[in-house]
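# Notes for the structure review
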There are 2 protein chains.
Amino acid sequence: MSKSSTTIYDIAAKLKVTPSTVSRALSDHPRISSKTKQAVKSIAQQMNYQHNGIAAALRSGQTHIIGVLLPMVNRSFFSSVVKGIEQVARVAGYNVMITQSNDKEENERSIISAMLKTQVDGVIASIARETTNFSHYQNILDKKIPLILFDRVTEITDASTVVIDDYLGAYKATEHLIHQGCKRIAHFSGTQNLNIYKDRERGYREALKNNGIVFEEDLLIQSNVKLEDGRTGMERLLLLDQPPDAIFAASDYSAIGAMQILKERKMKIPDDVALVGFADEAFANFVDPELSSVNQMSEQMGQFAAKIFLEQTKDRELSFIPSRTVLTPKLMIRKSSLKKSI
Amino acid sequence: MSKSSTTIYDIAAKLKVTPSTVSRALSDHPRISSKTKQAVKSIAQQMNYQHNGIAAALRSGQTHIIGVLLPMVNRSFFSSVVKGIEQVARVAGYNVMITQSNDKEENERSIISAMLKTQVDGVIASIARETTNFSHYQNILDKKIPLILFDRVTEITDASTVVIDDYLGAYKATEHLIHQGCKRIAHFSGTQNLNIYKDRERGYREALKNNGIVFEEDLLIQSNVKLEDGRTGMERLLLLDQPPDAIFAASDYSAIGAMQILKERKMKIPDDVALVGFADEAFANFVDPELSSVNQMSEQMGQFAAKIFLEQTKDRELSFIPSRTVLTPKLMIRKSSLKKSI
DNA sequence: CTATATTGCGCAACCGATTGTACAAAAATG
DNA sequence: CATTTTTGTACAATCGGTTGCGCAATATAG
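Since the structure is predicted, the reported quantities are computational estimates derived from the model, not experimental observations. (Residues numbered from 1 in each chain as written. Chains lettered and ligands numbered in written order. Predicted model: local features only at pLDDT ≥ 70, side-chain atom pairs only at ≥ 80, totals over all residues.)

## Points about the environment of V273 of chain A
All names here are of chain A. Turning to its location among the elements, V273 is positioned in the loop between α11 (252-264) and β9 (274-276). Sequence separation of V273 and A246 is 27 residues, and the distance between their C-alpha atoms is 4.7 Å. When residues no more than four places from it in sequence are discounted, the contact partners of V273 are P244, D245, A246, I247, L262 and M267. (Helix = DSSP H or I, 4+ residues; strand = E, 2+ residues; numbered from the N terminus. Contact = placed C-beta atoms within 7 Å.)

## Here we look at the protein's contact with DNA strand D
DNA strand D sits among 26 residues. The nearest are S20 and R31 of chain A together with T7, S20 and A55 of chain B. Looking at the surface near DNA strand D, the elements that each hand over two or more residues are α2 (19-26) and α4 (53-60) of chain A together with α1 (8-15), α2 (19-26) and α4 (53-60) of chain B. It is α4 of chain B that provides the largest number of residues to the surface near DNA strand D, a total of five residues. Here the residues of the surface near DNA strand D sort into nine nonpolar, 13 polar and four charged. (Near = placed C-beta within 6 Å. Nonpolar A, V, L, I, M, F, W, Y, C, P; charged D, E, K, R; others polar.)

## Re the packing of helix α8 (residues 166-179) of chain A against helix α9 (residues 195-210) of chain A
Residues and elements named next belong to chain A. It is at 7 Å that the axes of α8 and α9 come closest, and there the two elements cross at 40°. Seen along the crossing, α8 lies across α9 with a hand that is right-handed. Packed against α8, whose contacting residues are D166, Y167, L168, G169, A170, Y171, T174, E175 and I178, the element α9 presents I196, D199, R200, R202, G203, Y204, E206, A207 and L208 at the interface. When grouped by side-chain class, the residues that make up the contact of α8 with α9 number nine nonpolar, three polar and six charged. (Axes fitted to C-alpha atoms, helices over the stretch in contact; angles between N-to-C directions. Left-handed = near helix turned anticlockwise from the far one by under 90°.)

## Overview of the interface of chain B and chain A
Listed as interface residues are 35 residues of chain B and, on the opposing side, 35 residues of chain A. Elements supplying a minimum of two residues to the side of chain B that touches chain A: α4, α5 (76-91), β2 (95-100), α6 (105-118) and α11 (252-264) of chain B. A per-element tally of the side of chain B that touches chain A places β2 of chain B first, with six residues. Its residues assigned to classes, the side of chain B that touches chain A shows 16 nonpolar, 15 polar and four charged.

## Section: the sheet that holds strand β4 (residues 147-150) of chain A
All names here are of chain A. In space, the six strands of this open sheet follow the order β2-β1-β3-β4-β5-β11, with parallel pairing throughout. Each edge of the open sheet carries a strand with a single partner, namely β2 (95-100) and β11 (324-327). Looking at each pair of strands side by side, their axes are set apart by 15° on average, direction ignored. Of the pairings in the sheet, the one linking β4 to strand β5 (residues 160-164) comprises three bridges and is parallel in character. (Pairing = 2+ DSSP bridges.)

## Comments concerning the nonpolar core
Inside soluble globular proteins, nonpolar side chains tend to come together where they are buried. Counting 183 residues, the largest nonpolar core has A305 of chain A together with A305 of chain B as the members making the most contacts within it. When sequence neighbours within four positions are dropped, the list of residues in contact with A305 of chain B reads I85, I124, I148, F150 and V162 of chain B. (Core = buried A, V, L, I, M, F, W, Y, C linked by C-beta atoms within 7 Å. Buried ≥ 20, exposed ≤ 12 C-beta atoms within 10 Å, placed from the backbone.)

## Examining the sheet that holds strand β4 (residues 147-150) of chain B
Residues and elements named next belong to chain B. Taken in spatial order, the six strands make up an open sheet running β2-β1-β3-β4-β5-β11, and their pairing is parallel. Either end of the sheet is taken by a strand with one partner, and the two such strands are β2 and β11 (324-327). Between one strand axis and the next, the sheet turns by 15° as a mean value, whatever way the strands run. For strand β3 (residues 122-125) and β4, the ladder comprises three bridges, and the chain directions are parallel. Bridge pairing in β4 links I124 to I148.

## Comments concerning the pairing of strand β8 (residues 246-249) of chain B
Residue and element names in this part refer to chain B. Judged by which residues are buried, β8 turns out to be covered on both faces: A246 and F248 on one side and I247 and A249 on the other are all buried. As paired strands, strand β6 (residues 185-189) and β8 are joined by four bridges and run parallel to one another. Pairing of I185 across the sheet is with A246, part of β8. Here β8 runs beside strand β9 (residues 274-276); their pairing, made up of three bridges, is parallel. Residue I247 lies in a different strand from β9, and its bridge partner there is L275.

## Brief notes about α2 of chain A
Residue and element names in this part refer to chain A. Those residues of α2 that sit buried are T21, V22 and A25. Summarising the axial view, the buried residues of α2 lie within an arc of 100°, below the 170-degree limit, and thus occupy one face. Directly beyond the C-terminal end of α2, a positive phi value near 55° is found at D28. (Arc of directions from axis to C-beta.)

## Observations regarding unusual backbone geometry
A cis amide bond links I269 of chain A to the next residue, P270 of chain A, at an omega of 5°. Looking at the secondary structure, you find P270 of chain A in the loop between α11 and β9. One non-glycine residue with positive phi stands out, namely H64 of chain B, at about 60°. Note that H64 of chain B resides in the loop between α4 and β1 (65-70). For H64 of chain B, a count of 19 C-beta atoms within 10 Å gives the class partly exposed.

## Notes on the pairing of β6 of chain B
All names here are of chain B. Most of β6 sits out of view: five of its five residues are buried. Burial of β6 is two-sided: the residues I185, H187 and S189 facing one way and the residues A186 and F188 facing the other way are all buried. Bridge count for β6 against strand β7 (residues 220-222) is three bridges, and the pairing is parallel. Bridging from a neighbouring strand, H187 pairs with L220 of β7. With respect to chirality, the unit in which β6 leads through helix α9 (residues 195-210) into the neighbouring parallel β7 is right-handed. (Right-handed = clockwise from strand over helix to strand, strands pointing away.)

## Quick word on the relation of the copies chain B and chain A
Mapping chain B onto chain A calls for a rotation angle of 180° and an axial translation of 0.1 Å; the resulting RMSD is 0.2 Å. Such values leave the two copies arranged in the relation of a two-fold axis. Both copies share a contact surface, since 94% of the interface residues of chain B are interface residues in chain A too. (Least-squares fit on C-alpha atoms with pLDDT ≥ 70 in both.)

Below you can see the structure in the form of structure tokens.
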């Protein structure tokens, strides 16, 4: 029936020219006369021609697909990053292939292997929480495919990175709590194999120090910063002789966990305990009281990552120099940390 | 340097066989002896051979990529569906290419066009809110590419669909409110060009009728069911001579909007006004009081969609019969609608 | 022991576009 | 007007597997 889609050969035949001319006409090659271009294009339209990306990819080696590897998509941070990537990529004629590792190293490996098979033109990734060995990322670079890591990065030579200044975000958040009059500020920190959590903890410590507050080991809770961890962390803190009067959590989920416990115990937020989270998830605005948080400029981060990819792809011959981009986070002050008394 | 990756020709040369034998050996063709298969596979491993999907796709016409088109990814409903799709697809050797229309018809069109260029093997989609003309979906089917619509579907012959029983979900939710003793139940309904909202409204009306409650036009609010719409809707309802004592919202976002207004007015939930949303977003558990909602079996929905795709692909020669799958939603009862007094 | 069936692999066309090179015609230059 | 440039298109190789068909070698049947 409906013959399989029309090819440049069909167009060539109809116009009595060669396929190469058709190909060049369609891609606006300077050596093709505008007459021919017009003719080709109009016939192409008529015959409902559609460029066969596969064939082009085979010959040219470019699929125009960017592989995006995320820990998970249902975090507003990550989905916003994707949005940023898509905005930039689509305009430049690239498709985006999104995958999620669910924070498992094993999945990450099989996904990267699949991406290499699919011949993506570049990979934009954020490392899974559980990943400790990074050799699969090296595989990408070995194939001369640009790799851009964002947010959860690691030290891989030749990979570009886009991050926010986690240190600064944490510093601001902590200092904000201090300005609100809080004296005993606890911190929920994350797994230390990821730089982001190390940096946040450092920002927390520095802010305390620079404001003359002594760091207390008891007030530092290490965990996976999930909601459940926030709950258990908060419970532990409340058992202290002197419980904290504020918490700076390295994730919104753990902050919510703390909030739940505080509410169950009928404690007042922010009066008894003030809260600040990190990531500025969409629900930060929905909870009661609204949760203060550190916005990670997610959409911008995605845009940057995509732009860097495009840069590195443009001059692929010259071995690209990996770049490091650091964005400035934004502290979103909401009711959970704003004491009216001040 | 590192020669561009090894091909089956390289393997063939090393083993003094032909590329065709290598190709067949790698894909476990029955006509190849197990000796040869062993040899080929081991050499392939040694030489770090990686299957070139592009080349294979060109010849075989199959890219092993499933295109997934979503209105947006940062809704837990959609991201869960994606998870379900991925689970099934990856096991079957398919990659998933996710895109988002941001609820715009225009984006939807350009994405579908891009997908067709990329030659996806199938499309799993949920229609954008603003889409009124569906010809671009027809284009997919014209190319003999399987199309599976989920949740937000429309009447397209030859497209398979996977939906939940929105009618039933709404019916259950409304009846639940009635059982809680609510007499004046309002409904936030969505844009009527999408069946899901029509069905939910129908379920609401039927539940009222079957329980001897007269439907009141004043208690039906039409909107885009976003958070802001929930706020304005609630405000309008509170101006009535007899405001409602319960609201069944067709989306969690609009339910949260209503919740915000109620809290600002110091009204009690669920005692003054009980609330039930729809979609069971992750934040339904975080808000205070926790929001009752209708769970849409999202992960399952994705799994079904992917399975249907695989079915239709398996016997691609026989023109596939479009299938209709209807899943049963699950009412999640939480504090926002559970009156202790009962 | 001959005849048929099965097994194992090679040959070569093919998928559809891209691109370096060649070459004739037209235009510009001296 | 002869010569050099520029312009416009054709030729043909190529990207890397896939697959129908053919043929020899081995196995099974009669």
